[in-house]
Amino acid sequence: MPHDAPTGTRVTVLSGGVGGARFMQGLLQHLAARDPAATVTVVANTADDIWLHGLKVCPDLDTVMYTLGGGIDTARGWGRTDETWHAKEELAAYGVEPTWFGLGDRDLATHLVRTQMLDAGYPLSDVTRALCRRWQPGVELLPMSDDRVETHIVVDDADEPSGQRAIHFQEYWIRLGAQVPARAVVPVGLDAATAAPGVVDAITAADVVVLPPSNPVVSIGTIVGVREIRDALAATPAPVVGLSPIVAGAHVRGMAAQLLTGLGIEVSAAGVAEHYGSRRDGGLLDGWLVDERDAGDVARIEAAGIPCRAVPLMMTDHDATAAMAAAALELVGR
Ligand code: GDP
Ligand code: CA
């Protein structure tokens, strides 16, 4: 009986910036060794995006593109390698706000090209494809949406009549260092946002969907907050497997703990799993990996209807990260 030549696994990853990008380096290494015909589509968070000095900056898209394309500053984890900061210094010398965002000279070129194309009428998904022609990240990189979505964080401010103020997520993270309580997370524009072209198909036609250890609130949370994406995740025949960004009760890097606390979600591998929920009960997950140190959470997570395993989950190098990717695919039979 004739049959099609076997094709590789179609993997779709819903990603934030640094955590997602690092995970995908390991995923790509694993697939290159075990499933070279596999294809990876990345649906990246765009709710961190910000307009600065008239330029559209997309931190998570760029972190994925630079990391997988070999242009990332590996020590910082974001921005371009061999970066200089002359433009930032000149802007500061003019007293132009904001001065807290790390806008490097090389990076600036990306934002100039992006903004020029957006001004010419191209949607962000087309712009991203054009930028990736240079970087060749080895994945198909899609923004979650072509619509403007911006996460704002409500913080205390005694100078405001209400005692509170909403600031852009980047200001919370970079200027305030996430050192003050997050009273609320407001994803402005998310309700009205539609999925970018290709996103729904990437989820419904996937063989497996992976939630890397990205921030559950401001990365994964906003992606799955796009209604069409949430619906596609409910409808897809593919299993959905996630890896905990919380290890031993703490985020490894970033500010997930502050935001989870602000939303009243327990800062633990089990707390995030229960927040996502089992697909059986209308949630997101068919499988969840926790770190070995959280092996005590496995029974509780499985009791919530989510198959779970404890394995090392620290992305210390590409081999360790590739093993995490392999364990995730294996947990859901891929
Ligand atoms: P961002 O957009 O740059 O903040 O990156 P992501 O949202 O993709 O990922 C950030 C999250 O990755 C952080 O909140 C951490 O909880 C998680 N993270 C970072 N490094 C590791 C690691 O080595 N292991 C695990 N399990 N999680 C990590
Ligand atoms: Ca981010």
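Note that the structure is predicted; figures quoted are calculated from it, not measured.

What counts, and where the lines are drawn
- Residues numbered from 1 in each chain as written.
- Chains lettered and ligands numbered in written order.
- Predicted model: local features only at pLDDT ≥ 70, side-chain atom pairs only at ≥ 80, totals over all residues.
- Heavy atoms only, no water.
- Helix = DSSP H or I, 4+ residues; strand = E, 2+ residues; numbered from the N terminus.
- Rg over C-alpha atoms; globule rule 2.2 N^0.38 Å.
- Buried < 20%, exposed > 50% of the residue type's maximum accessible area, 1.4 Å probe, protein only.
- Contact = heavy atoms within 4.5 Å.
- 1 Å grid on protein atoms, 1.4 Å probe; cavity = no way out; pocket = protein on both sides within 12 Å on 5 of 7 lines; lining within 4 Å.
- Points joined across faces, edges and corners; volume = space filled by probe spheres on them.
- Nonpolar A, V, L, I, M, F, W, Y, C, P; charged D, E, K, R; others polar.
- Expected span 1.5 Å × (residues − 1).
- Arc of directions from axis to C-beta.
- Pairing = 2+ DSSP bridges.
- Axes fitted to C-alpha atoms, helices over the stretch in contact; angles between N-to-C directions.
- Phe/Tyr/Trp six-rings, centres within 6.5 Å; stacked < 30°, edge-to-face > 60°.
- Lys NZ or Arg CZ within 6 Å of the ring centre and 35° of its normal.

Q: I would appreciate a short explanation of the overall build of the protein chain in the present structure.
A: Counting secondary structure elements, the protein chain contains 13 helices and 14 strands. The C-alpha radius of gyration computed for the protein chain amounts to 20 Å, which stays within 12% of the reference 20 Å derived for 334 residues, consistent with globular compactness. Seen through its C-alpha atoms, the protein chain measures out along the principal axes to roughly 70 × 45 × 35 Å. Sorting the 334 residues of the protein chain into buried and exposed places 54% on the buried side. For the protein chain, contacts bridging at least 24 residues in sequence account for 69% of all contacts bridging at least 6.

Q: Even after reading the chapter, I still don't get empty space enclosed by the protein, so can you show me in this structure?
A: Gaps left between atoms are located by rolling a probe of water-molecule size over the structure's atoms. Taken as a whole and assessed by the stated rule, the structure comprises one cavity of 30 Å³ or more. Of the voids in this model, the largest cavity is the one considered here, and its volume is about 90 Å³. Around the largest cavity, the lining residues are Leu52, His53, Lys88, Leu91, Ala92, Val96, Pro98, Thr99, Phe101 and Leu103. Among the elements that make up the lining of the largest cavity, the one with the highest residue count is helix H3 (residues 86–93) (three residues). Split into classes, the residues belonging to the lining of the largest cavity amount to seven nonpolar, two polar and one charged.

Q: Looking at this structure, how should I read helix H5 (residues 124–135)?
A: Given 3.6 residues to a turn, an α-helix orients residues that are three or four positions apart in the same direction. Helix length check: H5 (12 residues) gives 16 Å between terminal C-alpha atoms against 16 Å at 1.5 Å per residue, within 8%. For H5, the complete set of buried residues consists of Leu124, Ser125, Val127, Thr128, Leu131, Cys132 and Trp135. The arc enclosing the buried residues of H5, seen along the axis, measures out at 155°, which places them on a common side. Contacts from the buried residues of H5 go to helix H2 (59–69), helix H4 (105–119) and strand S5 (140–143).

Q: Help me out: how do you make sense of the sheet that holds strand S8 (residues 184–188) in this one?
A: Two strands in a sheet stick together by hydrogen bonds in their backbones, pointing the same way (parallel) or opposite ways (antiparallel). One open sheet accounts for three strands, arranged S7-S6-S8; its pairing is antiparallel. Strands with a single pairing partner mark the edges of an open sheet, and in this sheet they are strand S7 (164–168) and S8. For this sheet, the mean inter-axis angle between neighbouring strands, taken without regard to orientation, is 30°.

Q: Sorry, what's going on with the packing of aromatic side chains here?
A: Centre-to-centre distance and the angle between the planes together describe a pair of aromatic rings. This structure, assessed with the given rule, holds four aromatic pairs. Geometrically, the ring pair formed by Trp78 and Trp85 is edge-to-face, given 6.3 Å between the ring centres and 70° between the ring planes. It is Arg76 that lies over the ring of Trp78; its NZ or CZ is 4.6 Å from the centre. Cation over ring: Arg80 sits above Tyr66, and NZ or CZ is 5.8 Å from the ring centre.

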